[in-house]
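The residues making up each chain are set out below.
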Amino acid sequence: MAWENMLLSDNMKDADWVKFLKDNIVPSDIDDETVHSLLHYFEDLNLLIRSANDGLKWQGAEEHVSEDEKRQSVKDGLLQMAQTQLGFALPFFIGFQSIELPTIESLINSESQKNKSKEIPKLEPASDFSNLQIVKKVGRQLKPFLEAESTIVSRLIGDRTSKEDARYLFQYVFGKINSKAQPRKWEQLSRKRHR
């Protein structure tokens, strides 16, 4: 029996939801571990409700409707939640419809933008970069990525979404935003010859 013909029951187990989401909702390039983390995010958004027997039920799903209507209810719920502040990351996980993805800047809250705008003191030019200066330079280059990760991961963490879950989700989101970094121009850090 094909999965498309399987029934969306009221209390599906986590593995069944992962299979349903991979077949009907999320993009094809997402792995099972990330979809499992996405289930926890859905629970925090109150899209999925955990029952007493540890099954999951879609919030607001009606019992006496066709399976197509149940699937459409899931899709409509996701699209609606994706337009809210709490569902800020959902557009990256919707594969059944083309949605304009937000930029990394729009995902970071205004508080971190204030911290980002602080000027970093410039190092005085030196002909010989010490290891410390090289580390500081690399640190300055990585700082925007680390701030983005910290901000987005902290926004994703909830009662059910652990820090590990949030990192899986962030890695997928960041991969969609920056699918390939532009190559950097080579620059010589030191002219001193090693003897």
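It should be noted that the structure appears before, not after, this text.
Thresholds applied
Residues numbered from 1 in each chain as written. Predicted model: local features only at pLDDT ≥ 70, side-chain atom pairs only at ≥ 80, totals over all residues. Heavy atoms only, no water. Phe/Tyr/Trp six-rings, centres within 6.5 Å; stacked < 30°, edge-to-face > 60°. Helix = DSSP H or I, 4+ residues; strand = E, 2+ residues; numbered from the N terminus. Buried < 20%, exposed > 50% of the residue type's maximum accessible area, 1.4 Å probe, protein only. Lys NZ or Arg CZ within 6 Å of the ring centre and 35° of its normal. Axes fitted to C-alpha atoms, helices over the stretch in contact; angles between N-to-C directions. Parallel < 35°, antiparallel > 145°, perpendicular 65-115°, else oblique. Left-handed = near helix turned anticlockwise from the far one by under 90°. Contact = heavy atoms within 4.5 Å. Nonpolar A, V, L, I, M, F, W, Y, C, P; charged D, E, K, R; others polar. Core = buried A, V, L, I, M, F, W, Y, C linked by side-chain atoms within 4.5 Å.

Draft legend 1. Inspection of the packing of aromatic side chains at higher detail. Summed over all chains, the structure comprises five aromatic pairs. Residues Trp17 and Phe20 carry aromatic rings whose centres are separated by 5.6 Å and whose planes lie at 90 degrees to one another, so their mutual orientation is edge-to-face. Taken as a pair, Trp17 and Phe20 lie in helix H1 (residues 14-24) at a separation of three residues, close to a single helical turn. The pair Trp17 / Phe20 is uniform in exposure class, with both members buried. Through a chain of ring-to-ring contacts, three or more aromatic side chains come together here, namely Trp17, Phe20, Phe42 and Trp58. We note Arg155 situated over the ring of Phe88; from NZ or CZ to the ring centre the distance is 3.9 Å.

Draft legend 2. Structural view of the packing of helix H6 (residues 131-156) against helix H7 (residues 163-177). Close contact between H6 and H7 brings their axes to 9 Å; oriented N to C, the two are set at 125 degrees. Relative to H7, the element H6 is oriented oblique. Crossing geometry of H6 relative to H7 is assigned as right-handed. Counted together, Phe145, Ala148, Glu149, Ile152, Val153 and Leu156 of H6 and Lys163, Ala166, Arg167, Leu169, Phe170 and Phe174 of H7 form the full contact between these two elements. Considered class by class, the residues forming the contact of H6 with H7 number nine nonpolar, no polar and three charged.

Draft legend 3. Quick peek at the nonpolar core. In terms of nonpolar packing, the biggest core is built from 42 residues, with Tyr41, Phe42, Leu78, Leu90 and Phe93 touching the most fellow members. Looking at this core, the elements that each hand over two or more residues are H1, helix H2 (32-44), strand E2 (56-58), helix H3 (67-81), helix H4 (104-107), H6 and H7. Ranked by the residues each element gives to this core, the list is headed by H7, at six residues. Excluding residues within four positions of it along the chain, Phe42 makes contact with Leu21, Leu47, Leu48, Trp58, Leu78 and Leu90.

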